[in-house]
Amino acid sequence: SQVSFEEESQTAPAVGHWKPLMPSKGSKEESESGCQDAGGVHEAQCTEQLNVSRLRSSSVEIREKGSEFLRDELHKAQKELKLKDKECEKLSKVREQLEQELEELTASLFEEAHKMVREANTKQAAAEKQLREAWGKIDMLQAEVTALKTLVITSTPSSPNRELHPQLQSPSKAGFRKGHGRNKSTSSAVVSAASQGVAPEPISRECKEVDSILFAEFQAWKESPTLDKSCSFLDRIYREDVGPCLDFTKQELSELVRVAVEQNTLTIEPVASQTVPVGKVAAEECGSPKKCALSGLSRTCKHRIMLGDSGNYYYISPSCRARITAVCNFFTYIRYIQQGLVRQDVELMYWEVMRLRREMSLAKLGFYPSEM
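Residues numbered from 1 in each chain as written. Predicted model: local features only at pLDDT ≥ 70, side-chain atom pairs only at ≥ 80, totals over all residues. Heavy atoms only, no water.

S.K.: Would you take a moment to explain the overall build of the chain for this structure?
M.R.: Scanning the chain for helices and strands turns up 10 helices and 3 strands. The helix and strand sequence of the chain, counted from the amino end, reads α-α-α-α-α-α-α-β-α-β-β-α-α. Taking all 372 residues of the chain together, 23% fall into the buried category. A separation threshold of at least 6 residues defines the contact pool for the chain, and within that pool the share at least 24 residues apart is 67%. About 27000 Å² of surface is accessible on the chain, with carbon and sulfur atoms providing 56% of the total. (Helix = DSSP H or I, 4+ residues; strand = E, 2+ residues; numbered from the N terminus. Buried < 20%, exposed > 50% of the residue type's maximum accessible area, 1.4 Å probe, protein only. Contact = heavy atoms within 4.5 Å. Areas by Shrake-Rupley, 256 points an atom, 1.4 Å probe, with all protein chains shown as cover.)

See the structure below:
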């Protein structure tokens, strides 16, 4: 509207009256009437200019108010933007704090898990040591009991054993052995048993020495642990331990067992006593509680295995279970190392791997605990 008013003011024709320099006498009345007309036009022009000036002032006022309104809105938008920036900054700080706490919590949990594993290994080693000592003591006591039984059997009324009856000895010998008869009898029983070939087995102390080639292969594998059989460490163990340990008479089933062990999908469960499966499951099961599915021999099978989620069960003998369990224990430990769950010295890890290899070697030779 302001532009249209300005255009109208610029394009409005100028209204005026030409006055003669020397008005004639005959035109006196005309000049008077012309002056009157000029005065009316001048008043109209002034009124129009006044209206135009009012419109201009009103448009300027509207423009100023509009600019003030826009400035106010701009200030409000800037304030809101600053508040948004502060909120974003607070949220980013909260997120960083939560991420840091989560990392610390994860690290503490893993450290606690490693600590529990170390404590369990230490307790297991101590328990095994106590068990070996207990077996040694039991062997000694059994040898003493055997010797005492031998002495009692050989002592008769007609020919009594003077070691068991010190009162039959001479007074000098009896006085000399006073207070030590029982201990001496026991030692004599042990000596007598030893003379008859019954002697307690000596407790041998195990010695260990690191093989440089095997240790170097394990160290190279430990730098970047993997389950790929192409590395020298696992290739040797597959050739020397895993392969022979899982090499059963039934070759096809042996290959399936090996794949299930590698993929960690094999399940071993005890066979319920006096429970015979019926229906479809009984048709799918291989072997029987009296026949091993892996060796094909007639054995008492106390356990059965399932490969993956197939639902097929195979009865296995205690020897086959010991061989499979030894291989599973080895793979479980190296998986823990690969996942970073074992934080021990490299040499301790190496000896644990060697212990697991020894169990596989014993199992493939037919040795297994009696409780299996």
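Back to the write-up after that little detour.
S.K.: Whenever I open this one, the packing of helix H6 (residues 232–245) against helix H9 (residues 318–338) confuses me. Can you help?
M.R.: Geometry of a packed helix pair, given as the angle between the helix axes and the separation of the axes. Where H6 contacts H9, the two axes come as close as 9 Å, and the packing angle between them is 155 degrees. On the basis of the axis angle, H6 is roughly antiparallel to H9. Residues Leu234, Ile237, Tyr238, Val242, Pro244 and Cys245 of H6 form the contact with H9, whose participating residues are Arg323, Val327, Phe330, Phe331 and Ile334. Of the residues in the contact of H6 with H9, the class split is 10 nonpolar, no polar and 1 charged. (Axes fitted to C-alpha atoms, helices over the stretch in contact; angles between N-to-C directions. Parallel < 35°, antiparallel > 145°, perpendicular 65-115°, else oblique. Nonpolar A, V, L, I, M, F, W, Y, C, P; charged D, E, K, R; others polar.)

S.K.: Help me understand unusual backbone geometry in this model?
M.R.: A negative phi angle characterises most non-glycine residues, just as the trans form characterises most peptide bonds. The backbone of asparagine 264 sits at a positive phi, close to 60 degrees, despite the residue not being glycine. Within the element layout of this structure, asparagine 264 appears in the loop between helix H7 (251–262) and strand S1 (266–270). Take asparagine 264: its relative accessible area is 55%, and that puts it in the exposed class.

S.K.: Got a minute to help me understand the side chain of arginine 323 in this structure?
M.R.: Residue position: arginine 323 is located in helix H9. Of the side chains bearing the opposite charge, aspartate 247 lies closest to the buried arginine 323, which forms no salt bridge; the N-O distance is 6.4 Å. (Lys, Arg positive; Asp, Glu negative; His and termini not counted. Salt bridge = Lys/Arg side-chain N within 4 Å of Asp/Glu carboxyl O.)

S.K.: For this particular structure, what's the right way to read the pattern of salt bridges?
M.R.: Where side chains of opposite charge bring their charged atoms close, a pairing between them can arise. If you walk through the whole model with that rule in mind, you get 16 salt bridges. A salt bridge links arginine 357 to glutamate 240; the nearest nitrogen and oxygen atoms lie 2.6 Å apart. You can see arginine 357 sitting in helix H10 (residues 346–364) and its partner glutamate 240 sitting in helix H6, a full 117 residues away along the chain. On the basis of relative accessible area, arginine 357 is assigned to the buried category, the value being 9%. Here arginine 357 and aspartate 241 are joined by a salt bridge, their closest N and O atoms 2.4 Å apart. Taken together, the residues span a long stretch of sequence, with arginine 357 in helix H10 and aspartate 241 in helix H6 at a distance of 116 residues. On the basis of relative accessible area, aspartate 241 is assigned to the buried category, the value being 3%. Connected through shared salt-bridge partners, Glu217, Arg236, Glu240, Asp241, Arg357 and Lys364 make up one network.

S.K.: How should a nonpolar patch on the surface be read in this particular structure?
M.R.: Where nonpolar side chains cluster on the molecular surface, the patch consists of Leu131, Trp135 and Ile138 and spans about 300 Å² of accessible area. By the element assignment, leucine 131 lies in helix H2 (residues 28–154). Residue leucine 131 is classed as partly exposed on the basis of its relative accessible area of 48%. (Patch = residues over 30% accessible without salt bridge, like charges linked within 9 Å, V, L, I, M, F, W, Y side chains within 5 Å.)

S.K.: Would you explain the pairing of strand S2 (residues 303–307) in this entry?
M.R.: Regular strands place their side chains on alternate faces of the sheet. Of all 5 residues in S2, 5 are buried; the element is thus mostly enclosed. Here S2 shows two buried faces, one formed by His303, Ile305 and Leu307 and the other by Arg304 and Met306. Note that S1 and S2 share 5 bridges and pair antiparallel. Bridging from a neighbouring strand, proline 270 pairs with histidine 303 of S2. Across 4 bridges, the pairing between S2 and strand S3 (residues 313–316) is antiparallel. Across the sheet, the residue bridging to histidine 303 is isoleucine 316, located in S3. Between the end of S2 and the start of S3, which pair antiparallel, lie 5 residues, with glycine 308 showing a positive phi angle near 70 degrees. (Pairing = 2+ DSSP bridges.)

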